[in-house]
Amino acid sequence: MSSVPQLKKDFIQTLHSFSHSHNQSTVFSDWLEMAAISLHQLPYHNGDFPKDETFADLEAKYTEREKCYTPEERTAFAKLFGLSLMAHREGFSDFLGEIAAEQELLNERGGQFFTPYEVCKMMAKMTFADAKAIVEEKGLITVSEPASGGGAMVIASAEALVEQGVDPRSCAQFDCIDISRDAFNMTYIQLAALDLQAVVRHGNTLSNEMWESRPTPQLRYFDQWIREHQQIARLEQLRDFFVNPEAFPAASSQEGEEEVITTDSLETSAPQAQEVAEQPSLFEIDTFAPADPTERRPSRRKADVTLPQPEQLDLFGQERQGE
Ligand SMILES: C[S@@+](CC[C@H](N)C(=O)[O-])C[C@H]1O[C@@H](n2cnc3c(N)ncnc32)[C@H](O)[C@@H]1O
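Position labels on residues start from 1 in each chain and follow its written sequence. Selection of residues for local features in this predicted model requires a pLDDT of at least 70, selection of side-chain atom pairs for listing and counting requires 80 or more, and totals for whole chains, interfaces and linings are taken over all residues. Derived side-chain values reflect all non-hydrogen atoms in the structure, with water molecules and hydrogen atoms excluded from consideration.

A.B. asks: What is the right way to look at helix α5 (residues 95-102) in this model?
C.D. replies: The set of residues buried in α5 consists of Phe95, Leu96, Gly97, Ile99 and Ala100. Contacts: residue pairs with any heavy atoms within 4.5 Å of one another. Numbering goes from the N terminus for both helices and strands, where a helix is a DSSP run of H or I of at least four residues and a strand is a run of E of at least two. Buried residues in α5 make contact with α1 (4-16), α2 (24-45), α4 (71-89) and α10 (181-193). Directly beyond the C-terminal end of α5, a positive phi value near 55° is found at Glu104. Note on exposure labels: buried denotes an accessible area under 20% of the residue type's maximum, exposed denotes more than 50%, and partly exposed covers the range between, all computed with a 1.4 Å probe on protein chains only.

A.B. asks: Help me out: how do you make sense of the pairing of strand β2 (residues 172-178) in this one?
C.D. replies: Every other side chain in a regular strand lies on the same face of the sheet, so the side chains alternate between the two faces. Counted residue by residue, β2 has 7 buried out of 7 residues, so it is predominantly covered. Pairing analysis gives 5 bridges linking strand β1 (residues 141-145) to β2, with the strands arranged parallel. Counterpart to Ile141 in the pairing with β2 is Ala172. A pair of strands is considered paired only if DSSP assigns at least 2 bridges between the two. Where β2 lies against strand β3 (residues 197-204), 6 bridges are found, and the strand directions are parallel. When the bridges of β3 are listed, Gln173 appears paired with Gln197.

A.B. asks: Is there a simple way to think about the pattern of salt bridges in this case?
C.D. replies: When the charged atoms of two side chains lie near each other, side chains of opposite charge can form a pair. The salt bridge criterion pairs a side-chain nitrogen of Lys or Arg with a carboxyl oxygen of Asp or Glu, the two atoms within 4 Å. One pass over the structure, following the stated rule, counts 17 salt bridges. A salt bridge links Arg181 to Glu212, with the nearest nitrogen and oxygen atoms 3.0 Å apart. Taken together, the residues Arg181 in helix α10 and Glu212 in strand β4 (residues 209-215) connect sequence positions 31 residues apart. A relative accessible area of 16% places Glu212 in the buried class.

Below is the structure:
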């Protein structure tokens, strides 16, 4: 198994192998765009999600970029993709951010000086002092990174959670924004390759304009899992209602009146069912939308469904990252 430094060397060598007909930063940008799209499309190609408009749009975008390159160059793109996935299988690092900085592919005039990974790690350790308690209280740790760069702060946060025995793949969600298209794609590639749940946005945090919001496959799978839980919770409520309608006082009909049992009466009489029904699914992009400054946002969002801790903590558990 190659080490990360060796994988980085191979990546840079492959990047340099592109003919001189292409400008290096254009090659890197095009590769970032195509690699990020490939990771987004995986669940569709696996048949886990029906192919929709987003799928078609991104396929077209991919083909648009790819056609500028020869078959040999496309093979080199596939090699870059493989090398970066292998590097993220090795563990937590800002693999792409460091390469971009070393190869001077960042936009310094746009303030792109990425924080060294070890500094990110120190900050993450200080920030997530007692991650397990947060998960037990809230069900999920949610983190916003308004200027993500290559995603180093988020990657270090995930590593800090693992060091506390919390699996970030099922217990943390990240909302990342960057105004630079390359940074948007770098963050997406690295978080998707590490199986982290995130919505990554290409947008301007200061003006609150978002040009694209893309969920990682992990968030989509988690959302699918939680929707099943929401459905089960609803069905359990329905069963409890039929087994013991008295427990739902509002449902009981007036003296002598025909007792009509409807889901509405269930919804109105069973606050728990109401709450579950109303809770937005975790996948709804707007759930992560930066708060409208005029809108008062509830500080502590109550967990929608009490997730069975051992099951959630071990949801993607076979081979825990970093153990
Ligand atoms: C100094 S870098 C830090 C990146 C990352 N947080 C880190 O610590 O490595 C700042 C990042 O902010 C992005 N940025 C600058 N202005 C922005 C804006 N208005 N909205 C979103 N991102 C912005 C830049 O593209 C750059 O990637």
